[in-house]
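Commentary on secondary and tertiary structure
What follows is the residue order along each chain.
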Amino acid sequence: MSLIPEIKPQQSIELLKELHILTRDGKINQDTRRKLKQVYHLYQFIEPLMADVLAQKGSLSLADHGAGKSYLGFILYDLFLKDKADATVYGVETRQDLVDKSVELAERLGFPGMQFLNLTVEQSITSEALPAQVDIITALHACNTATDDAIRFALAKDARYIVLVPCCQAEVAAVLRQKKNDTFGKTPLSELWRHPIHTREFGSQLTNVLRCLQLEARGYQVTVTELVGWEHSMKNELIIAKKVGGGKKAARERQEAILRELNLEDLRERFAY
């Protein structure tokens, strides 16, 4: 039992030390306490998804894109999956040094169901190191188009659940800015992004709206909420998508209409595939 009340009783203290959430003598400071709180808060959303997949299939595969140091993957595995015989967490990361460190840590902790791959999202879609179907996809604070890459991976892998925390979305805002003069004569809605700060904010919101419509068009039920607990980040939007069946034609039509109305048809390939 931990002497620090925030730490879950089943949590490996050794893991938290290795992730530098705890110091070597088991202490925690304000910054790392906040980081632990953030990961635990996200765990509350993902744990029932893992439980549902295991109940339905008896096995589970989860791919974390842009895994970084794999804080999330290690915490998920330690708290919920380490005693599940047929559960695998894949950490997909482009930085080889972080992949190497995660491989070494998983071996040292005895976590055989964790694998780490030095791949881009595009490479991961066709890589034989990943199964043809992956149950849960996570992409946390995946910057700009990296979130869209993760969505493409999830659709290619027929994921049952997709968990996204988008970040630093600049591409749509850039196109809005580039076509601003043309759009002023096309629709009064252009007032929504006439000022630079509004361009950035509206572009970010619009990006996520188009992503949600894309997922609905491909047969997902989408929930969008605030990821409370990330108190010191403005990127606080959590998108959870659950595969429920056939795609919605109306979602695709609305997506197309938005792209037309806002003079963003150049981005159709990104959002309307």
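These figures come from a predicted structure and were not determined experimentally. (Residues numbered from 1 in each chain as written. Predicted model: local features only at pLDDT ≥ 70, side-chain atom pairs only at ≥ 80, totals over all residues. Heavy atoms only, no water.)

1. Describing helix α4 (residues 96-109)
An ideal rise of 1.5 Å per residue puts 20 Å on 14 residues; α4 measures up with 20 Å between its terminal C-alpha atoms. Looking at the buried side of α4, the elements it contacts are α1 (13-18), α3 (71-81), β2 (87-93) and β3 (114-118). (Helix = DSSP H or I, 4+ residues; strand = E, 2+ residues; numbered from the N terminus. Expected span 1.5 Å × (residues − 1). Contact = heavy atoms within 4.5 Å.)

2. A short note on the environment of K243
With respect to the element layout, K243 can be found in strand β7 (residues 237-243). Here K243 falls in the partly exposed class, since its relative accessible area comes to 30%. Along the chain, K243 and R160 lie 83 residues apart, while their C-alpha atoms are 5.0 Å from each other. In contact with K243, not counting residues within four places along its chain, are D158, A159, R160, R218, G219 and Y220. For K243, the side chain forms a polar contact with the main-chain oxygen of R218, separated by 2.8 Å. (Buried < 20%, exposed > 50% of the residue type's maximum accessible area, 1.4 Å probe, protein only. Polar contact = N/O pair within 3.5 Å; in protein donor to acceptor, adjacent residues only side chain to side chain.)

3. Comments concerning the pattern of salt bridges
For the coordinates displayed, the defined rule picks out 16 salt bridges. Between D148 and R211 there is a salt bridge, with its nearest N and O atoms 2.9 Å apart. Of this pair, D148 sits in helix α6 (residues 146-156) while R211 sits in helix α9 (residues 196-217), and the two are 63 residues apart along the sequence. Three or more residues joined by partner-sharing salt bridges are found here, namely E14, E18, R24, E104 and R108. (Salt bridge = Lys/Arg side-chain N within 4 Å of Asp/Glu carboxyl O.)

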